[in-house]
Amino acid sequence: MSKTDTLENMLKRYYANNKIAQTAERKRLDEYEKEGTKPQREQNPEMNWKLWGPYVSERQWGSVREHYGSSDVWNDFSHDMARSRAYRWAEDGIAGICDDHQLLCLAVSMYNERDDIIKERLFGFTNSEGNHGEDVKEYYFYLDNTPTHSYMKYLYKYPYEYPYRLLLDNRDSLGSMEYELLDTGALNDNRYFDVLVEYCKNTAQDILMRITVTNQGPETRPFHLLPTLWFRNTWSWGPTNEPKPSLRKQDGRAYNCIETEQPLWMSNKKVTMRFYCDKTPDILFTENETDNTIFRNSDGSPCSNKLGSQYFKNGINNYIVGAFGPNRDLNIENRSFIQRSSGTKASAHYQFTLESRESTTVCLRLTENDESSPFGSEFKKVFNARIQEADEFYDACCPYSRSGSDYDKDMYNIFRQSCAGMLWTKQFYHLIAMKWIKGDNGQTPARSDTNKMENGWEHLYFKDILSVPDKWEFAALYDWDLAFHTATLALVDPHFAKKQVQLLMSDWSMRPNGQIPATEWKFDTPNPPVHAWAAYTIYQREKQMLGIDDIGFLERIFVKLNINFDWWVNRNDGEDNFIFEAGFMGLDNIRPMSDVSGIEKADSTGWMAMYCLNMLKISLELYDHTHSKQYLDLSRKYLFHFLNISAALNKILWHGDFYYDKNKECSAIYSCVGLIPMFAIEEIQCIIHDPDSFATLEGMIQWYKEKGLISDDSHVDVTTLVESIDALDDSTDSIINGTVAAVGESKLRSLLKKALDPNHLLSPFGIRSLSKSHNFNSNNNFYYTPAEATDKSIMGGNTNWRGPLFFSINYLIIEALRKYHAYLGSEYQVSYPTTLPNVQANLENIANDLSLRLIRIFLKKSIGRSQFANDPLYTEIIQNPALKAERPFWGGAELFNKFPQFDPSGSSGWCDPVLFNEYFHGDNGAGLGANHQTGWTGLVANLIQEMGVFTRMKSTAADMPQDIKVPYTSAGKTHDMKIRHKKTVTTISKKPS
């Protein structure tokens, strides 16, 4: 057993009261999961609480799926084309929702009478336009969401005039920070509208919608609100007899109503939905079809849909801009942009004139019911009930209090918005590779490049709800990002988290040889194999928080992981020495050496050592539950690979004080690459029946010992395991406990010396990806850059891991430190930070402090000043006069300090809404890269949960951080305990034969 009380045990004790299971939201999830398989839920949509959700992407244009032309992906289908050209595979919109087959979509459009286009979709740069790659140029926030999407809240900030041209003219800025919307001055003097969108569900197919528009600026301004309902275009691509759905205006009702008729998925039936609009807006109809007056087929002929419509996807845009824009045409109504009674795309057109600081609210309802009073007293009651239920659910999940101290409230707020962001970034993901390659019936477009889906990926078939890193910048499949998403999703919806891992390894996804698809940009890209870690993390969190022991999930996913593992172990280096080489980069945006061929890599080899132990852990867990000897056989397999990989890692890639990549010679670069071998640590436990048999795990360890293959502390507790076996009595069965790791005690101390040094990897906000000491390396052009690269020749390339902080790596570092502490105990202490040799801390306290450093990227500095007053590194940052923002992730702008003044709901300000960036400035914590819940940054919710549980469940005050301040403790000199004295063997009575 562990020497110390582990976080896992604390989590079990904290959630033992089972409050989560008692919430209305959790009961809805239980009801959904009891419906069984997807086809069963499709036959009973009234029971399917996830039938409708935020599954509409925020950028479908510029995706590989829509790339059918001869140019590059981004230019083949640009933002400018998106309003006029129908999508093939999915749709996009602002604050959009749809059914889980994306047949019918609902989103928000708007217009300010200044722009050349209405705001139907978010604007941003393509990969070639941006100075640091693709980048959305908008401010919007995912404020709230529940796992069944019973309540959702989204905030969008719409300028009086959107500066499209100014942004494009400054796209070549060479600064280390992106040129953003704020830099244009468009938001000066609060010259923008807040558009707050809320959804709640009365039943699975009765969705209430509330949109509140607030003029935050100093002028009286017109505003056009266009809630838009449309069908995804499925009829232009399939057989000629593909049924076409319709939207129709229903007259003779007290409220304006749009009625839908569409085929019901998986049947020949039709379903009718009604969209009720209060305040009797004008209803505008068009068709969701390509404008054939603009686009041409590959042979030069006009594009045309099979039914020959003269109305197009851009019809409502053309009408609104023509009638109300800066160059308005008074005769616009005589033009045939729109229809008045039916179509496949419709907008309810609301016109307001809002005075400075004035708000207005519009109510809408999408329902299967025929309602005589859709906006009666019940409407508000349902909203209030769902908000209260959402509060109760997150109160049960989060260990911080919604109504506690300012610190508690802020931690709770960050936790909840992080989870909300994870739930908002679900997307309907549709791709049939064979149809993409060959083209559709009668509409085969010219293609110049199909290798992204050929060469072994022709079998791919996706029509699923997928967790994506970011619905604008990374609105596609990303396999290793997805693994980290599931760790956070497991806190609120483990069922969905499990389905995501299973989706990657389904028969229509994984290749027969075991390779997992990486991303539609290049399915063959090998990414870090963290999916076994993800699966076991989901399994553990569900058991700890809900008491559900889903061993069936673990069994099913283990079969697929085993196939994937075999694919990986066949990718080792040409010399066959258990080291993994280039081609598997390990971290997607780092290139420590200019010559990438033949590099023996510490990161990829470390990941594989971690994969071995993850699989070993799962196999022993399955054996414990099933008593099937096949899992013992497989545990031997994973231990065998681990011992060989670990030995090679320590003999070939360890160079005195750190793990380095190696080509012809060692490249002495201190980066997070060298810390990845730390992740390979697990405590293992197994019942011993026959110590002398090589067919058992323990017998194999004995054999390795006798052959001299275990000779040092590289494998932290293998020696202890062997000594435990030596002590066994043949007349009894025994439980062997021990910790196996790739990094031994002395090497760990050496790694931490660099990792915890502010002059190297330790930042006030976590662990940097590259040491601050690397100012320039003339041989490799490799130097520390805390933000974006400033060298134009490598902008947008493999540069982002050269200084910034990444949550994925930091989270695994913290997890590894907790495991080392559970093994080594409080006696094992190191200097923290390294620059203060007389200040010692144990690994648990260091893990807690690193957690807090990452969390305070999002915390208000006014709270941080009191909470972290004894941390000089942090104090120096928050007192920097150039960084005026209240929350560090904002970087510096004073605008972001403003609290809501004109919105009673408290949602329209800048200070309380939080963004979760892709990565963060290595020195000041400013957010960088994709800025809307790029999946792995959602791990801040896990850190907040763990910190909250730790501070509430730790049994002894001496080990608890005081007031959650930086837990430095003065502990005299470091103890050098011998590892072999830290474990025991538990003997149990031998079972009768």
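Everything below is about the structure shown above.
Residues numbered from 1 in each chain as written. Predicted model: local features only at pLDDT ≥ 70, side-chain atom pairs only at ≥ 80, totals over all residues. Heavy atoms only, no water.

Asks: Got a sec to walk through the packing of aromatic side chains? Specific residues and values, please.
Replies: Summed over the entire model, instances satisfying the criterion amount to 62 aromatic pairs. Considering the side-chain rings of Phe77 and Tyr87, the 5.2 Å spacing of their centres and the 35° angle between planes classify their relative orientation as tilted. You can see Phe77 sitting in the loop between α4 (73-76) and α5 (79-82) and its partner Tyr87 sitting in the loop between α5 and β2 (97-99), a full 10 residues away along the chain. For Phe77, a relative accessible area of 1% corresponds to the buried category. Taken together, a centroid distance of 6.4 Å and an interplanar angle of 70° make the contact between Trp533 and Tyr811 edge-to-face. Taken together, the positions of Trp533 in helix α13 (residues 531-546) and Tyr811 in helix α20 (residues 807-824) put the pair 278 residues apart, joining distant regions of the chain. Assessed through its relative accessible area of 3%, Tyr811 is described here as buried. Members of the aromatic cluster, joined through ring pairs, are Tyr139, Phe141, Tyr192, Phe807, Phe858, Phe889, Trp890, Phe896, Trp910, Phe916 and Phe920. Taking the ring centre of Tyr400 as reference, the NZ or CZ of Arg952 above it sits at 4.9 Å. (Phe/Tyr/Trp six-rings, centres within 6.5 Å; stacked < 30°, edge-to-face > 60°. Helix = DSSP H or I, 4+ residues; strand = E, 2+ residues; numbered from the N terminus. Buried < 20%, exposed > 50% of the residue type's maximum accessible area, 1.4 Å probe, protein only. Lys NZ or Arg CZ within 6 Å of the ring centre and 35° of its normal.)

Asks: Quick one: what's the story with the nonpolar core, residue by residue and with numbers?
Replies: Grouped together as the largest cluster of nonpolar side chains are 220 residues, with contacts concentrated most on Phe642, Phe679, Leu843 and Phe858. Top contributing element to this core by residue count: helix α15 (residues 602-626), with 14 residues. Once residues lying within four places of it in the same chain are set aside, the contact partners of Phe679 are Trp607, Met610, Ile809, Leu812, Ile813 and Ala816. (Core = buried A, V, L, I, M, F, W, Y, C linked by side-chain atoms within 4.5 Å. Contact = heavy atoms within 4.5 Å.)

Asks: Lay out the environment of Ser341 in plain terms, naming residues and giving numbers.
Replies: Looking at the element boundaries, Ser341 is found in the loop between α7 (315-324) and β15 (342-343). C-alpha of Ser341 to C-alpha of Leu247: the two residues are 94 residues apart in sequence and 8.3 Å apart in space. With sequence-adjacent residues up to four places away left out, Ser341 is seen in contact with Leu247, Arg248, Lys249 and Phe285.

Asks: For the pairing of strand β3 (residues 104-111), give the residues involved together with the corresponding values.
Replies: Summarising burial for β3: 8 of the 8 residues are buried, a large majority. Neither face of β3 is exposed, since Leu104, Leu106, Val108 and Met110 on one face and Cys105, Ala107, Ser109 and Tyr111 on the opposite face are all buried. Here 8 bridges tie β3 to strand β10 (residues 221-231), and the two strands are oriented antiparallel to one another. Note on β10: the bridge partner recorded for Ser109 is Leu226. (Pairing = 2+ DSSP bridges.)

Asks: If you had to explain the pattern of salt bridges to someone new, which residues and values would you point to?
Replies: Throughout the structure, instances matching the rule amount to 48 salt bridges. Two residues, Glu520 and Arg65, come together in a salt bridge whose shortest N-O distance is 2.8 Å. In this pair, Glu520 sits in the loop between α12 (494-504) and α13 while Arg65 sits in the loop between β1 (52-53) and α4, placing the two residues 455 residues apart along the sequence. An identical accessibility class is assigned to Glu520 and Arg65; each is buried. Residues Arg121 and Asp92 are paired through a salt bridge, measuring 3.0 Å at the closest nitrogen-oxygen approach. Of this pair, Arg121 sits in the loop between β3 and β4 (124-125) while Asp92 is found in the loop between α5 and β2, placing the two residues 29 residues apart along the sequence. The buried category is assigned to Arg121, whose relative accessible area is 7%. Looking at Asp92, the relative accessible area reads 3%, which means it is buried. A single salt-bridge network, built from bridges that share partners, covers Asp144, Asp391, Asp395, Arg402 and Arg416. (Salt bridge = Lys/Arg side-chain N within 4 Å of Asp/Glu carboxyl O.)

Asks: Help me get a handle on the sheet that holds β10, residues and values and all.
Replies: Taken together, the 6 strands give an open sheet; going across it, the order is β1-β2-β3-β10-β16-β14, and neighbouring strands pair in antiparallel fashion. Either end of the sheet is taken by a strand with one partner, and the two such strands are β1 and β14 (282-286). Sheet strands in contact with α7 are β3, β10, β14 and β16 (345-354), and its direction is about 25° off that of β16. (Axes fitted to C-alpha atoms, helices over the stretch in contact; angles between N-to-C directions.)

Asks: Please set out the side chain of Thr486 residue by residue, giving values where relevant.
Replies: Along the chain, Thr486 turns up in helix α11 (residues 479-489). The exposure class of Thr486 is buried, given its relative accessible area of 0%.

Asks: Tell me about α12, and please be specific about residues and values.
Replies: Counting buried positions along α12 yields 10 of 11 residues, so the element is predominantly enclosed. Among all positions of α12, only Pro494, His495, Phe496, Ala497, Lys498, Gln500, Val501, Gln502, Leu503 and Leu504 are buried. On its buried side, α12 packs onto α2 (24-34), β18 (426-432), β19 (461-467), α11, α13 and α14 (551-569).

Asks: Summarise the environment of Thr6; cite the residues concerned and give the values.
Replies: Looking at the secondary structure, you find Thr6 in the segment before α1 (7-14). Using a relative accessible area of 12% as the deciding quantity, one classes Thr6 as buried. Note: C-alpha distance between Thr6 and Glu844 (838 residues apart in sequence) is 9.6 Å.

Asks: With reference to specific residues and values, describe the packing of α12 against α13.
Replies: Running from amino to carboxyl end, α12 crosses α13 at an angle of 160°, the nearest separation of the two axes being 10 Å. Regarding the angle of α12 to α13, the classification is roughly antiparallel. As α12 packs across α13, the resulting crossing turns out to be left-handed. Counting all contacts with α12, which are made through Pro494, Ala497, Lys498, Val501 and Leu504, the residues of α13 involved are His531, Ala535, Ile538, Glu542 and Leu546. Taken together, the residues of the contact of α12 with α13 sort by class into 7 nonpolar, 1 polar and 2 charged. (Parallel < 35°, antiparallel > 145°, perpendicular 65-115°, else oblique. Left-handed = near helix turned anticlockwise from the far one by under 90°. Nonpolar A, V, L, I, M, F, W, Y, C, P; charged D, E, K, R; others polar.)

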